[in-house]
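Results of the structural survey
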Amino acid sequence: MRKTVLVLLGLLAVSASAQTPEKPTRVSFFVTNPGFGWSEGGGANFDAGLGLAIERRFTPRWSAELEIAREVHDYQPSFFDPTVIEFRTYPVDAFVRYSFENNTRWRPFLGAGARYVTAPDEPPGANYDNELSPQIGGGVEWEVGESLSLVFDAKALARNDVPHWDEVLKVSVGVGWRF
């Protein structure tokens with residue numbers, strides 16, 4: 001399934017490249033679900049996932065984006081066991097988006113796609129399964145300069161049976177370079 005989606009995205013990119021505007025590709029670095037906490041015993045704690053994305057514009061309004069991130073989660077085997085196990089997941093998001101054109105440096109967008117999440121270092125007893133989920137989202141890209149942009153977005157999974165460590169809503173802030 002994953003190979004089929006990647007092949008279809010590749011074929012779409014090749015077939016649409018004749019319609020591509022100037023600087024159609026953007027690479028961005030982003031943080032997901034940033035959070036800050038502080039406790040007297042532990043001090044300051046900044047918690048966020050990190051990721052890399054590549055976007056390809058086919059027309060001034062339509063684009064496709066592929067993201068990969070690394071997120072850290074805490075797992076407590078049971079209510080009575082105070083042991084907290086830290087483990088990582090690696091979500092991959094494929095997203096097609098529609099950007100609303102306007103005469104400003106702000107470019108709002110809406111889109112849909114899929115998220116595939118894998119956890120190679122699954123904690124014992126977690127009964128983790130790799131997940132493929134549909135998602136919807138939206139956000140805004142602020143063009144700081146000719147090639148530099150800031151991207152603010154949110155993506156929500158379109159299903160209810162999500163494991164507790166895979167957030168239904170994924171908020172991210174990123175810095176992108178268009179070429």
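Rules and cut-offs
Residues numbered from 1 in each chain as written. Predicted model: local features only at pLDDT ≥ 70, side-chain atom pairs only at ≥ 80, totals over all residues. Heavy atoms only, no water. Phe/Tyr/Trp six-rings, centres within 6.5 Å; stacked < 30°, edge-to-face > 60°. Buried < 20%, exposed > 50% of the residue type's maximum accessible area, 1.4 Å probe, protein only. Helix = DSSP H or I, 4+ residues; strand = E, 2+ residues; numbered from the N terminus. Lys NZ or Arg CZ within 6 Å of the ring centre and 35° of its normal. Salt bridge = Lys/Arg side-chain N within 4 Å of Asp/Glu carboxyl O. Polar contact = N/O pair within 3.5 Å; in protein donor to acceptor, adjacent residues only side chain to side chain. Contact = heavy atoms within 4.5 Å. pLDDT = per-residue confidence, 0-100. Pairing = 2+ DSSP bridges.

**Remarks on the packing of aromatic side chains**
Applying the stated criterion across every chain, the model contains three aromatic pairs. Each ring, one from tyrosine 98 and one from phenylalanine 100, has its centre 5.2 Å from the other, and the planes form 85°; the classification is edge-to-face. What makes tyrosine 98 partly exposed here is its relative accessible area of 22%. On the accessibility criterion, phenylalanine 100 (36% relative accessible area) is partly exposed. Seen in terms of ring centroids, tryptophan 106 and tryptophan 142 are 5.4 Å apart; in terms of plane orientation they differ by 20°. Their pairing is stacked. One end of the pair, tryptophan 106, is in strand β5 (residues 106-118); the other, tryptophan 142, is in strand β6 (residues 131-143), and 36 residues separate them in sequence. What makes tryptophan 106 partly exposed here is its relative accessible area of 41%. Over the ring of phenylalanine 109 we find arginine 97, and its NZ or CZ is 3.8 Å from the ring centre.

**Regarding unusual backbone geometry**
Phi is positive for lysine 23, which is not a glycine, with a value near 50°. Its location among the elements puts lysine 23 in the loop between α1 (2-16) and β1 (25-39). Looking at lysine 23, the relative accessible area reads 27%, which means it is partly exposed.

**Thoughts on the pattern of salt bridges**
Oppositely charged side chains can form a pair if their charged atoms are brought close together. According to the stated counting rule, one finds 16 salt bridges in the structure shown. The salt bridge involving glutamate 65 is made with arginine 26; its shortest N-O contact spans 2.9 Å. Here glutamate 65 is found in strand β3 (residues 62-75), whereas its partner arginine 26 is found in strand β1, with 39 residues between them in sequence. Comparing glutamate 65 with arginine 26 shows no difference in burial state: the two are buried. For glutamate 143, the salt bridge is made with arginine 107, and the minimal N-O distance between the two is 3.5 Å. In this pair, glutamate 143 is assigned in strand β6 and arginine 107 in strand β5, connecting sequence segments 36 residues apart.

**Considerations on the environment of threonine 89**
Within the fold, threonine 89 resides in strand β4 (residues 85-99). The spatial distance from the C-alpha of threonine 89 to the C-alpha of threonine 118 is 5.7 Å, given a sequence separation of 29 residues.

**Quick word on the side chain of serine 147**
Within the secondary structure layout, serine 147 lies in the loop between β6 and β7 (148-157). Its relative accessible area of 11% is what places serine 147 among the buried residues. Within the structure, serine 147 has its side chain in polar contact with the side chain of lysine 23 (distance 2.7 Å). Apart from residues lying up to four places away in sequence, serine 147 is in contact with Lys23, Gly176, Trp177 and Arg178.

**Overview of the confidence of the model for the chain**
A residue-level look at the chain finds 73% of positions with pLDDT of 70 or above and a mean pLDDT of 81. Here α1 stands out as the least confident element of the chain, with mean pLDDT 48; β7 is the most confident, with 95. This model gives residues 5-9 a pLDDT under 50, and the stretch forms three contacts once residues within four places in sequence are excluded. Here residues 11-20 is modelled with pLDDT under 50, and outside its nearest four sequence neighbours on either side it reaches nine contacts, counting other chains as well.

**Overview of the pairing of β5**
Two strands pair when backbone bridges link them, and β4 and β5 are joined in this way by 10 bridges, in the antiparallel orientation. Its bridge partner lying in β5, phenylalanine 95 is registered against glycine 113. Hairpin connection, β4 to β5: the antiparallel pair is bridged by six residues. Examined bridge by bridge, β5 and β6 share 12 bridges and lie antiparallel to one another. Following the sheet pairing, glycine 111 is matched in β6 by glycine 137.

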